[in-house]
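Observations on chain architecture
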Amino acid sequence: MEKTKKHVGLTVFFSIFSVIYVLPILIVVLNAFKKKAYINRYPFSMPDEKSFVGLENFVEGIRKIDFFSAFGYSLFITVASVAVILVCTSMCAWYISRRDSKVTKAMYYLCIFSMVVPFQMVMFTLSKLSDMLKLGNPVGIIIVYLGFGAGLAVFMFCGFVKNIPIEIEEAATIDGCSPLQTFFKVVFPVMKPTYLSVGILETMWIWNDYLLPLLVLNIKKYKTIPIAIQYLKGGYGSIDWGAMMAMLVLAIIPIILFYLVCQKYIIEGVIAGAVKG
Amino acid sequence: MKKSLKKYFPIFMLPTFLAFCIGFIIPFGMGIYLSFCEFTTVTNATFVGFKNYMKVFTDATFLHSLWLTALFTVVSVILINVLAYAVALLMTKGIRGTNIFRTVFFMPNLIGGIVLGYIWQLIFNGILQYFGRTLTYSASYGFWGLVILMCWQQVGYMMIIYIAGLQSIPGDLYEAAEIDGASRWQTLKKITLPLSMPSITICTFLSVTNGFKLFDQNLALTNGQPSDKTELLALNIYNTFYGRTGWEGVGQAKSVIFFLLVVVIALLQLSATRSKEVQQ
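Residues numbered from 1 in each chain as written. Chains lettered and ligands numbered in written order. Predicted model: local features only at pLDDT ≥ 70, side-chain atom pairs only at ≥ 80, totals over all residues. Heavy atoms only, no water.

Comments concerning the interface of chain B and chain A
- Contacts between the two partners involve 88 residues from chain B and, on the opposite side, 95 residues from chain A.
- When chain B packs against chain A, close to 8,400 Å² is buried across both sides, 80% of that on carbon and sulfur atoms.
- Counting every contact that joins chain B to chain A gives 0 salt bridges.
- Our count for the chain B to chain A interface comes out at 11 residue pairs in polar contact (both at pLDDT 80 or more).
- With 16 residues, the top contributor of residues to the side of chain B that touches chain A is helix α3 (residues 14-34) of chain B.
- Here the side of chain B that touches chain A is built from residues that sort into 64 nonpolar, 16 polar and 8 charged. (Contact = heavy atoms within 4.5 Å. Buried area = accessible area lost by both parts, 1.4 Å probe. Salt bridge = Lys/Arg side-chain N within 4 Å of Asp/Glu carboxyl O. Polar contact = N/O pair within 3.5 Å; in protein donor to acceptor, adjacent residues only side chain to side chain. Helix = DSSP H or I, 4+ residues; strand = E, 2+ residues; numbered from the N terminus. Nonpolar A, V, L, I, M, F, W, Y, C, P; charged D, E, K, R; others polar.)

Structural data, given as structure tokens:
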């Protein structure tokens, strides 16, 4: 164990480095409990008797941007969109991989192509089109997410389906399974790890997405968390930093909880996504 | 089986196909067409040929943001990848607490760009006020602020990919190198680096496209201030569409140019790093 001894220095170095790494978040948490006037002037000092305001910033922020309804919309849109994306694109990817025709090939290459296209390219036309189709509500936006997120998901599922031995599926067909039964009873169970990685990548994207919901949703009625936070910034660039700090804290908490619970899968998902991509 | 599958097209493929048309194919096609038109909404377009494109190249804000984006991408790609690779090398040496460090370094990736932008706006303004300045005092503050923010966010992500790549290098190669008396530097240069080319390809690709498409962080951190001097391409396009009436066609032309640039750069970068990959 001579080796571990040598690395004590590195452990100390990384420990200090880790603390510095989380410092920005800790500073935001500290400031969430300070009076507005103290946040900008003394952002790095601890809250004391003079500057401490308790939960005032939180109450003010929640009232100002209606945080809980933003949280609800974010949660609904993310969960529903990811669920729809997983079911639809995995079925589509399996169909594409198992049927060789011009349509399926074209779809496959279009999906790869769509991954490189920046959102700005389709942003204006997509927002007008979804307006015309009345998709500007939390249910309609699921279709938009399915369409714009299909590229990566179909591509990753196709990569996985290729590795499933076709013999199992043929055996299922001989035993009298319809394609639907084959998919849900045979293919679906073996693809679980891929569902997890695709699901995590799409969740990270949709939960944090700002521009797409801003342009597609009817903003007067529905705000997601990133949009609500951007709205704290007033018309002339003035920001209520007290409410802002409190809302940043509330926006970060669910992410950190999610991360701590699913950490292993998130990191595996990222690696799997990178290797396929 | 093949024949019977065809009947199932409406169940398996149609939903995704329709959504893909609404979410991507139709807007993309319309986008290309509208870049040759003058319009304010998509229904009142009149064809004007290359007029929008001519206007793009005489728009000083666009040329500035193009140059700035290129600079930003180069600087952030180099910094992010060098740092991430160095950390990954140290992390695979079996030091104590690796798991905790990995957890910490990856965390900022899960936080959205808007939230990150405001977190760092507070930090930077807090530091700069000791010098009597703010983040929007000079364009270079905003630029380097954005670089630091992106490093903080992305080093952990790239590190995870590099660690996976480093762990897949077979250990007997290192043993052989040790027997041959290779120095640490030689081992790194002749074994570790060439064999991690696949992960380098992926990470540079991801960081190049992330840098080029950056929007949320830019909007929340400086919003282009002072006077659009820290405005990257994606934000410039957004402001052209939604900040200047009558410029929608120009905005669409800018998007097409933006899209072509991203494709060309992605292809160039992939072929450049792929050619250095070696067979194990």
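On we go from here.
Brief notes about the environment of B:E231
All names here are of chain B.
- Within the secondary structure, E231 is located in the loop between α12 (216-221) and α13 (233-243).
- E231 sits 12 residues away from L219 along the chain, and the two C-alpha atoms are 8.4 Å apart.
- Excluding residues that lie within four positions of it along the chain, E231 makes contacts with T61, S65, L68, N218, G224, N236 and N239.
- At 2.8 Å, the side chain of E231 and the side chain of N236 are in polar contact.
- A distance of 2.7 Å separates a polar atom in the side chain of E231 from a polar atom in the side chain of N239.

Examining the pattern of salt bridges
Residue and element names in this part refer to chain A.
- In total, this model carries 6 salt bridges over all chains according to the counting rule given.
- Among the salt bridges present, the one from K64 reaches D240, with a minimum N-O distance of 2.8 Å. Taken together, the residues K64 in helix α4 (residues 56-65) and D240 in the loop between α13 (225-231) and α14 (241-276) connect sequence positions 176 residues apart.
- The class of K64 is partly exposed, set by a relative accessible area of 43%.
- Note on D240: relative accessible area 10%, which makes it buried.
- The residue R98 makes a salt bridge to E169 at a minimum N-O spacing of 2.6 Å. Taken together, the residues R98 in helix α5 (residues 67-98) and E169 in helix α9 (residues 166-174) connect sequence positions 71 residues apart.
- We classify R98 as buried; its relative accessible area is 9%.
- E169 sits in the buried class, given a relative accessible area of 0%.
- What you see here is one network of salt bridges that share partners, running through E60, R63, K64 and D240. (Buried < 20%, exposed > 50% of the residue type's maximum accessible area, 1.4 Å probe, protein only.)

Remarks on the packing of aromatic side chains
- Across all of its chains, the model carries 50 aromatic pairs over all chains by this definition.
- For the pair A:Y21 and B:W152, a centre-to-centre distance of 6.0 Å together with 35° between the ring planes defines the contact as tilted. Taken together, the residues span two chains, with A:Y21 in helix α2 (residues 8-31) and B:W152 in helix α8 (residues 139-167). Exposure class is identical for A:Y21 and B:W152. Each is buried.
- Taking the centre distance of 6.3 Å and the plane angle of 45° together, the rings of A:F124 and B:Y242 count as tilted. Here A:F124, found in helix α7 (residues 119-132), pairs with B:Y242, found in helix α13, and the two come from separate chains.
- Among the aromatic side chains, those forming a connected cluster through ring pairs are A:F13, A:F14, A:F17, A:Y21, B:F101, B:F105, B:W120, B:F124 and B:W152.
- Stacked on the ring of B:W247, the Lys or Arg B:K55 has its end atom at 5.0 Å from the ring centre. (Phe/Tyr/Trp six-rings, centres within 6.5 Å; stacked < 30°, edge-to-face > 60°. Lys NZ or Arg CZ within 6 Å of the ring centre and 35° of its normal.)

Some words on the domain arrangement of chain A
- One can read the domain layout of chain A as domain 1 (2-59) and domain 2 (66-231).
- The distance between the C-alpha centroids of domain 1 of chain A and domain 2 of chain A comes to 38 Å. (Domains from an automatic or database assignment.)

Looking at the packing of helix α8 (residues 140-161) of chain A against α3(B)
- Taken N-terminus to C-terminus, the directions of α8(A) and α3(B) make an angle of 105°; their axes are 7 Å apart at the nearest point. By the criterion of interaxial angle, the relationship of α8(A) to α3(B) is roughly perpendicular. Two secondary-structure elements touch here, α8(A) through A:I143, A:L146, A:G147, A:F148, A:A150, A:G151 and A:V154 and α3(B) through B:P15, B:T16, B:A19, B:F20, B:I22, B:G23 and B:F24.
- Counted by class, the contact of α8(A) with α3(B) contains 10 nonpolar, 4 polar and no charged residues. (Axes fitted to C-alpha atoms, helices over the stretch in contact; angles between N-to-C directions. Parallel < 35°, antiparallel > 145°, perpendicular 65-115°, else oblique.)

Considering the domain arrangement of chain B
Residues and elements named next belong to chain B.
- What the domain assignment lists for chain B is domain 1 (2-34) and domain 2 (52-274).
- Centre-to-centre separation of domain 1 and domain 2, based on C-alpha positions: 33 Å.
- Carbon and sulfur atoms supply 69% of the area buried between domain 1 and domain 2, which totals about 310 Å² over both sides.
- For the pair domain 1 and domain 2, the number of links is 0 salt bridges.
- For the pair domain 1 and domain 2, the number of links is 1 residue pair in polar contact (both at pLDDT 80 or more).
- Among the residues making up the side of domain 1 that touches domain 2, the classes are represented as 3 nonpolar, 1 polar and no charged.

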